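What follows is each chain in one-letter form.
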Amino acid sequence: MISHPRTEELAESVRLWIDEIRPTLDPRNAFLARVAANAMATIARELTLGPAADAEAVARMSEVLGHGGTYDELNTELCARIHSGELTTESPGLMLALQVMAKNQLAIDQPSYKPEGTAPSQK
């Protein structure tokens, strides 16, 4: 059975190639190549981290709302109930759910982001 290359490996390969040729490009195209490489890195993280983040979001939203559903259904309802004032910062589990969901999304979209008061990791 052929199992390679996986989608996230393909995305990483394209990103590395873009980074390799970027120094040879004129300034405008070098900038656009950097944007493209960053997009490929985000795609790779979405492929690897996204399914677990979505599953955790569904579990958290289901707990807050008191029933199951798809990510989109639960997210739509959660947003509507927050907007209407039915759910507030005092609602059990809401703030924790939102914090976990935001942290997971940041890990995909902006992995180097560190909240205020957080020391940067030492590598």
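Residues numbered from 1 in each chain as written. Predicted model: local features only at pLDDT ≥ 70, side-chain atom pairs only at ≥ 80, totals over all residues. Heavy atoms only, no water.

**Student:** For the overall build of the protein chain, give the residues involved together with the corresponding values.
**Tutor:** The secondary structure content of the protein chain amounts to four helices and zero strands. A compact globule built from 123 residues would reach a C-alpha radius of gyration of about 14 Å, whereas the protein chain, at 19 Å, exceeds it by more than 25%. Seen through its C-alpha atoms, the protein chain measures out along the principal axes to roughly 55 × 45 × 30 Å. Buried residues in the protein chain amount to 24% of all 123 residues. The long-range fraction of contacts in the protein chain, counting pairs at least 24 apart against all pairs at least 6 apart in sequence, stands at 43%. Put simply, the protein chain shows about 8700 Å² of open surface, and 60% of that area lies on carbon and sulfur atoms. Put simply, the protein chain has 11 plus and 17 minus side-chain charges, and the middle of one group is 8 Å from the middle of the other. (Helix = DSSP H or I, 4+ residues; strand = E, 2+ residues; numbered from the N terminus. Rg over C-alpha atoms; globule rule 2.2 N^0.38 Å. Buried < 20%, exposed > 50% of the residue type's maximum accessible area, 1.4 Å probe, protein only. Contact = heavy atoms within 4.5 Å. Areas by Shrake-Rupley, 256 points an atom, 1.4 Å probe, with all protein chains shown as cover. Lys, Arg positive; Asp, Glu negative; His and termini not counted. Charge placed at Lys NZ, Arg CZ, Asp CG, Glu CD.)

**Student:** An account of the nonpolar core is requested, with residue identities and associated values reported.
**Tutor:** Ala57, Met61, Val64, Leu65, Leu74, Leu78, Leu87, Leu94, Ala97 and Met101 form the largest nonpolar core, which has 10 residues in total. Residue assignment for this core shows that the elements contributing at least two residues are helix H2 (27–65), helix H3 (71–84) and helix H4 (94–109). Per-element tally for this core: the top contributor is H2, with four residues. When residues no more than four places from it in sequence are discounted, the contact partners of Ala97 are Arg60 and Val64. Listed in part, the six residues of the second largest apolar core include Ile18, Ala33, Ala37 and Ala44. (Core = buried A, V, L, I, M, F, W, Y, C linked by side-chain atoms within 4.5 Å.)

**Student:** Residue-level account of the environment of Asn38, with values.
**Tutor:** Mapped onto the elements of the fold, Asn38 is located in helix H2. Between the C-alpha atoms of Asn38 and Glu63, which are 25 residues apart in sequence, the distance is 34 Å.

**Student:** Residues and numbers for the packing of H2 against H3, please.
**Tutor:** Running from amino to carboxyl end, H2 crosses H3 at an angle of 45 degrees, the nearest separation of the two axes being 10 Å. If you check the angle between H2 and H3, you find them oblique. The two elements H2 and H3 cross, and the hand of that crossing is left-handed. Seen from H2, the contacting residues are Asp54, Ala57, Val58, Met61, Ser62, Val64 and Leu65; seen from H3, they are Tyr71, Leu74, Asn75, Glu77, Leu78 and Arg81. For the contact of H2 with H3, the per-class residue count stands at eight nonpolar, two polar and three charged. (Axes fitted to C-alpha atoms, helices over the stretch in contact; angles between N-to-C directions. Parallel < 35°, antiparallel > 145°, perpendicular 65-115°, else oblique. Left-handed = near helix turned anticlockwise from the far one by under 90°. Nonpolar A, V, L, I, M, F, W, Y, C, P; charged D, E, K, R; others polar.)

That's the geometry; what it means functionally is another story.
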